[in-house]
Structure formats: structure tokens, C-alpha cells
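Listed here are the chains, written in short residue letters.
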2 protein chains.
Amino acid sequence: MSFTTNATIASFGGKLLKLSHEAKSTNCTMGLNLYLPPQAEKGKVPVLFYLSGLTCTGDNCAEKGFFQHKASEKGIAVVYPDTSPRGLNVEGEDESYDFGTGAGFYVDATREPWNKGYNMYSYITSELPSALFDAFSDKLDADRVSLTGHSMGGHGALTIFLRNPGKYKSCSAFAPIANPINAPWGQKAFKGYFGEEDKGKWKEHDATELVKKWPKEQTLDLLIDVGTGDNFYKQGQLLPENFVDAAKEAGVADKVKLRFQPDYDHSYYFMASFADEHVEYAAKFLEA
Amino acid sequence: MSFTTNATIASFGGKLLKLSHEAKSTNCTMGLNLYLPPQAEKGKVPVLFYLSGLTCTGDNCAEKGFFQHKASEKGIAVVYPDTSPRGLNVEGEDESYDFGTGAGFYVDATREPWNKGYNMYSYITSELPSALFDAFSDKLDADRVSLTGHSMGGHGALTIFLRNPGKYKSCSAFAPIANPINAPWGQKAFKGYFGEEDKGKWKEHDATELVKKWPKEQTLDLLIDVGTGDNFYKQGQLLPENFVDAAKEAGVADKVKLRFQPDYDHSYYFMASFADEHVEYAAKFLEA
């Protein structure tokens, strides 16, 4: 369960640790980045998980997302996990950018051969945090954890948050795949990881379906940004309106804030531009 | 002299333009990034040139340096030029990372065959700004220009500033090659671009030599950051102390601020961490 620290990089007054560890759920060595703000030198800090999108590793956002800027000020640790197992030698895992390697979709696969290690749901919700809170028990506060993410990682953040009411302090998303069962990316992934028969399983990992089951007595407070220049939004891969409509129908949309940001695309330039605001949003709930 | 706009990307409330143009001085098509802050929609804004280091293009810092963050707030345009001509087919130009392609060193080569287009001094000080101020005459203020840069680009910023007293409003640098005639990178480059005989020419592009000639009646105000974890600093490639010593001997060191930043390395994580401060520093002089 212990981590290897492959590099320690000074960043915004804190340290970015390039870590790796042997993960049981994904059946391979997993790499990740952990940003420790300067406040972590003096005690436990809350933690924001940033879940990345298709093709990414934990490196992209650590380099290009600008989350450390505000996290350093607010005293929040940021975890940048990888997006899939690596090197499992599952046939076909490297054939496309939107399935297999780099495209774990934050689910536990039920279909052979993907169930061999494509278990990113268990990895992100259980194994990775357990390992981190164990190894960094003096620095990371296991009771104050929030989620954010981009695209496939926005889907991951929303679905993990919605499946676990009360577990996470807050959730925000950039250009999330908000209704994957009705979008090409999601359909391809769920067909591959779950098969075509069990559509109930698909719905268990669809934010638009999950929000219908959100407990009404619990406030649902979400921040979602989508760029109007985002080609994947235009192509119907994201469908954030479906999510908001479902939240409204379920009577839990009061604090679901969907913002359309003029001209922004799907790139890290978009996340960087609003990273400060998403960290500030998380900080409110993390009391950082 | 006109530019092709290959992409327009929303960034921190402004626009990042991915431009290219035919450059005479470098004898090829040159790519660059131009960040226009939101204030450029309403009138002329001052301009900060960011000169990149070895191996980089104008893309690296636009993606990972986060100068746009504070430039957007202050209303400063940022120009990210390339670091050398591309595709000249000069024999040997692609053989090493620290000479030729990606390593123009902001000089005009005098030696064959490099003088065919390795004229980054003329390109950066004359052709590029002329073309930009012509093409963006309603947005960029030619009378308010500052310089910054990293490593080889820090050398570029310092030497261009020091060779042209009064032309630029301010200059700062990250981990600059501050005394190239005494450092392996600089010696290799100057030998290649100028030959070994004319050491006078070498000194014309060495910040430590140039500072000795700075006009005493003119205040020399410079901000230089170097990370103490920077391996190139440790290897003697940067030699910032030589520069400061020379400035002291010349009696112009009063406002030369060299800061050693604990643990920071030579990467973009370093620039990103202090980009806000360097833009704020430039803003003071640009009155932005």
C-alpha cells in the first residue's frame, strides 16, 4: 500500500509529488500526482480529487490546469490520478483513444477481459484514498474530501459524488459527459465494460440517471462549467442540459449551477481559466 | 508581413491567438502565440515578450506558464515567440537540443551556414514587433514593451534589454543563462553561431559583459529568479552571481534583484509559481 515518490517538485509554495504504487483493484502499477500545499507542513489539509479526461494521465492537469495556484492559497491538497490501468495487455486496450487505456470511465468493468483491472471506480473511491490517507496520515484529512474533473473525469466526479451522498464535501465539473448512456463516448465505454444487455448497470454510472435518485432532504450543490466553443459539447457528447433537466424534474436543482462560458473550448486553457473558481468553490465546503 | 491566425483560444477572459507568418530575418515561416487580454477589445494594451528556453516553441509557456492569469487582470498582451528558425535544412541543425533548431540563442549568426536564417536577435527585436504592431495596431501599444524569459530566453531578455537602453520598459528573467561566455551552453552556441575567433562578438551577447556598459545615469531595475533546486544552476550553466557581481562592480546594481527560490527546479512549474509576480513587476513599468 505504500507509495514510491519518483519526484518532488516545488510548485506554488508547496510540493508536487510524483507518486506510484501497486494497486490491487487495477492490477498494475498506478502513477499519480499529489500536490501538497504549504499548509500541509503544519498539519492535515483537506483534499480535492481532480479526475482527468480521455487520453490523460495525472500529469496533464498538474502541468496545465493551474489548480495549484488557488489550492496553495487555500491550503488544499490536490490528487491527480491516472485515468485507467496501464499495461495490462488486454487485447484491444490500445486500439482507440476513447476506450481502454486512458479511458477507464471511472467504472468497475463487469465484462471479460476488462474486469481484469478496469476497475477505476473502486480505485478512485476506495483503494487510492485509503492508500493516500494511510501514507500521508499527518498531512491529508480523510474527512474533508471533494471532487472535480474534466470531460470523462467530470462524468467521474459527478457519478461518484451522486452515488455516495454525504461522502464528499462538494463536487464540480468542467465539460462533463453528463448523460453518457445517450452519448457516443459513453455508449461505447459502457457497452465495452458492461455489455449491451445490462442497461441497469449503465444507469448506475450515468449522472443524469443518478441525479433522479438524489435524496431530496440533502441539498445538491454542484458547479458545472461548459464552454460554448467546445466541439464535444456541440457534438452531443456532454449533454449537460439533460442533467439539469433531470435535476429539475427530481426537484433537486436549486443549487445546481450550470454555467456556459462564452467561446471556451474543451482544452486545458479552459480549466486553467476557471481553476481558481473551482478551487474556491470546493474550499467553501472543505472549510479551507 | 501579415499573420495567419491558425487558432483563437479563449483563455482567462481574453484570446490566445496561434499565429504564423513569413519572416525574412529567419528565412522561414515562424509560429508564435499572442495573448490578447480582455482590455485589448477596447484599445491599445502594453506588451510583454516572453522568450522561451532551449527546445521550446511558443506553445510551452502559453500552456504551462500561466502568464495569462495576471496579464488578463492587468491588461497586458503577452507574445510567446519561437526559439529558432524551423526547417531551414541547415546541416546539423537537428543534431543536438542545445544548438540549432530550438536553440537560436537570440543572436544573429555570423558564421556560415547558420547566418542563412539563425537571426533571432533581429527577429525578436525588429521584424516580429514591427509585424505585430502593424497587424494589431489597434490593440498593441508599440511604446510600452517589456521583456521576460526563461533560461536561454532569460539570456535573451537580459541581453536584448541591456543592448537597448531605454527601448524596453522593464526586464525580468527566470533562471537566465547570465554569463554564457563562461558556461557550456553559451560557449557551444557562440562558437557555432559566431566562430571561435571573434570573442568580442561573444561579449556583445553576454549579459554579464553587457551590464558593465550600462549607462550609469539610467536606473537598472531587474528581477531575476533562480531556483535552488535547478540542476542547470548547480552545473554552472546559469551563473547569475557573475551577473550581479558585474553589476555591482559597474555601480549599477542598486535595483538588480536576484532572488533564490528554495527548492524550485528549472521546469515550467517554477515559472508558473512566479508568473504572477513577474507580470506584476512588468505592469509597474508598463503602467498597466
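Computed from a predicted structure; not experimentally measured. (Residues numbered from 1 in each chain as written. Chains lettered and ligands numbered in written order. Predicted model: local features only at pLDDT ≥ 70, side-chain atom pairs only at ≥ 80, totals over all residues. Heavy atoms only, no water.)

Caption draft 1: Quick look at the interface of chain A and chain B. Listed as interface residues are 24 residues of chain A and, on the opposing side, 23 residues of chain B. In total, chain A and chain B occlude about 1900 Å² of area from one another, counting both sides; carbon and sulfur atoms represent 58% of this. The interface formed by chain A and chain B holds four salt bridges in total. As a salt-bridge pair, lysine 64 of chain B and glutamate 63 of chain A come within 4.0 Å of each other at their nearest N and O atoms. Our count for the contact surface shared by chain A and chain B stands at ten residue pairs in polar contact (both at pLDDT 80 or more). (Contact = heavy atoms within 4.5 Å. Buried area = accessible area lost by both parts, 1.4 Å probe. Salt bridge = Lys/Arg side-chain N within 4 Å of Asp/Glu carboxyl O. Polar contact = N/O pair within 3.5 Å; in protein donor to acceptor, adjacent residues only side chain to side chain.)

Caption draft 2: How the structure looks around the UniProt feature "active site" (unreviewed entry) in chain A. Residue and element names in this part refer to chain A. In the UniProt entry, the feature "active site" (unreviewed entry) is given for Ser151, Asp230 and His266. Across 116 residues in sequence, these annotated residues keep their C-alpha atoms within 10.8 Å of one another, forming a single compact spot. Residue position: serine 151 is located in the loop between strand 6 (140-149) and helix 4 (152-163). On the basis of relative accessible area, serine 151 is assigned to the buried category, the value being 3%. The contacts of serine 151, once residues within four sequence positions are left out, are Gly53, Phe174, Ala175, Pro176, Ile177, Trp185 and His266. Looking at where histidine 266 falls in the secondary structure, it is placed in the loop between strand 9 (255-261) and helix 10 (268-286). Its relative accessible area of 14% is what places histidine 266 among the buried residues. The contact partners of histidine 266, leaving out residues within four places of it in the chain, are His150, Ser151, Ala175, Trp185, Asp230, Phe232 and Leu238. (UniProt positions renumbered as here; feature names shortened; annotations may be inferred. Helix = DSSP H or I, 4+ residues; strand = E, 2+ residues; numbered from the N terminus. Buried < 20%, exposed > 50% of the residue type's maximum accessible area, 1.4 Å probe, protein only.)

Caption draft 3: Molecular detail of the pattern of salt bridges. Taken as a whole and judged by the stated rule, the model has 27 salt bridges over all chains. Put simply, Lys70, Glu73 and Glu280 of chain A are held in one network by salt bridges that share partners.

Caption draft 4: Looking closely at the packing of helix 2 (residues 67-74) of chain B against helix 10 (residues 268-286) of chain B. Residue and element names in this part refer to chain B. It is the contact of helix 2 with helix 10, at a shortest axis distance of 7 Å, that shows an interaxial angle of 30°. Considering their axes alone, helix 2 and helix 10 lie roughly parallel with respect to each other. When you trace helix 2 past helix 10, the crossing you get is right-handed. Contacts from Phe67, His69, Lys70, Ala71 and Lys74 in helix 2 reach Met271, Ala275, Asp276, His278, Val279, Glu280 and Ala283 in helix 10. Taken together, the residues of the contact of helix 2 with helix 10 sort by class into six nonpolar, two polar and four charged. (Axes fitted to C-alpha atoms, helices over the stretch in contact; angles between N-to-C directions. Parallel < 35°, antiparallel > 145°, perpendicular 65-115°, else oblique. Left-handed = near helix turned anticlockwise from the far one by under 90°. Nonpolar A, V, L, I, M, F, W, Y, C, P; charged D, E, K, R; others polar.)

Caption draft 5: Fine view of the relation of the copies chain A and chain B. Between the two copies, chain A and chain B, the superposition gives an RMSD of 0.0 Å; the rotation angle is 180° and the shift along the axis is 0.0 Å. Both copies are brought into coincidence by an operation consistent with a two-fold rotation axis. Relative to the rotation axis, the closest C-alpha in chain A is found at lysine 64 of chain A, a distance of 2.5 Å. Take the interface residues of chain A: 96% of them recur as interface residues in chain B, which is what a same-surface contact looks like. (Least-squares fit on C-alpha atoms with pLDDT ≥ 70 in both.)

Caption draft 6: Looking closely at the state of the cysteines. Residue and element names in this part refer to chain B. According to the stated counting rule, one finds zero disulfides over all chains in the structure shown. Between cysteine 28, a free cysteine, and cysteine 56, which holds the nearest cysteine sulfur, the sulfur-to-sulfur gap is 17 Å. According to the relative accessible area criterion, cysteine 28 is buried, its value standing at 10%. Of all cysteine sulfurs in the structure, the one in cysteine 61 sits closest to cysteine 56, which takes part in no disulfide; the separation is 8.3 Å. (Disulfide = S-S within 2.5 Å.)

Caption draft 7: Inspection of the nonpolar core at higher detail. If you look at the biggest cluster of nonpolar residues, it comprises 208 residues, and the most contacted ones within it are Leu132 of chain A together with Leu132 and Phe243 of chain B. Setting aside residues no more than four positions away along its own chain, leucine 132 of chain B makes contact with Phe3, Leu19, Leu32, Leu34, Phe49, Val79, Ser137 and Leu140 of chain B. (Core = buried A, V, L, I, M, F, W, Y, C linked by side-chain atoms within 4.5 Å.)

Caption draft 8: Fine view of unusual backbone geometry. The omega torsion across glutamate 112 of chain A and proline 113 of chain A is -10°, close enough to zero to call that bond cis. Of note, proline 113 of chain A is situated in the loop between strand 5 (77-81) and helix 3 (120-135). Residue phenylalanine 105 of chain B is not a glycine yet carries a positive backbone phi of 60°. Tracing the backbone shows phenylalanine 105 of chain B in the loop between strand 5 (77-81) and helix 3 (120-135). Classification of phenylalanine 105 of chain B by relative accessible area gives buried; the value is 0%.

Caption draft 9: Quick peek at the packing of aromatic side chains. Within this structure, the stated rule accounts for 43 aromatic pairs over all chains. Ring geometry for phenylalanine 270 of chain B against phenylalanine 274 of chain B: centres 5.8 Å apart, planes inclined by 70°, an arrangement best described as edge-to-face. Of this pair, phenylalanine 270 of chain B and phenylalanine 274 of chain B are both found in helix 10, four residues apart, which corresponds to roughly one turn of the helix. The pair formed by phenylalanine 270 of chain B and phenylalanine 274 of chain B is uniform in burial state, with each residue classed as buried. In textbook terms, an aromatic cluster arises when at least three aromatic residues are bridged by ring pairs, as seen for Tyr50, Phe67, Tyr80, Phe174, Tyr264, Phe270 and Phe274 of chain A. Above the face of the tryptophan 202 of chain A ring, lysine 199 of chain A is positioned so that its terminal group lies 4.8 Å from the ring centre. (Phe/Tyr/Trp six-rings, centres within 6.5 Å; stacked < 30°, edge-to-face > 60°. Lys NZ or Arg CZ within 6 Å of the ring centre and 35° of its normal.)

Caption draft 10: Looking closely at helix 4 (residues 152-163) of chain B. All names here are of chain B. Helix length check: helix 4, at twelve residues, gives a terminal C-alpha distance of 16 Å against a target of 16 Å (1.5 Å per residue), a fit within 8%. Taken across its twelve residues, helix 4 has eleven buried, putting it largely inside the fold. Inspection of helix 4 places Met152, Gly153, Gly154, His155, Gly156, Ala157, Leu158, Thr159, Ile160, Phe161 and Leu162 among the buried residues, and these make up the whole buried set. (Expected span 1.5 Å × (residues − 1).)

Caption draft 11: Helix 3 of chain A, seen in detail. Taking the largest bend as the criterion, helix 3 of chain A deviates by roughly 30°, centred on leucine 128 of chain A, and proline proline 129 of chain A comes between one and four positions later. Every buried residue of helix 3 of chain A is listed here: Met120, Tyr121, Tyr123, Ile124, Thr125, Glu127, Leu128, Pro129, Ala131, Leu132 and Phe133 of chain A. (Bend = angle between axes of the 7 residues up to and from the residue.)

Caption draft 12: How the structure looks around the pairing of strand 5 of chain B. All names here are of chain B. Most of strand 5 is tucked away, with five of its five residues classed as buried. One ladder, built from four bridges, connects strand 3 (residues 28-36) with strand 5; its direction is antiparallel. Each residue of the ladder has a partner; that of leucine 32, found in strand 5, is proline 81. Here three bridges tie strand 4 (residues 45-51) to strand 5, and the two strands are oriented parallel to one another. Looking at the pairing, valine 47 lines up with alanine 77 of strand 5. (Pairing = 2+ DSSP bridges.)

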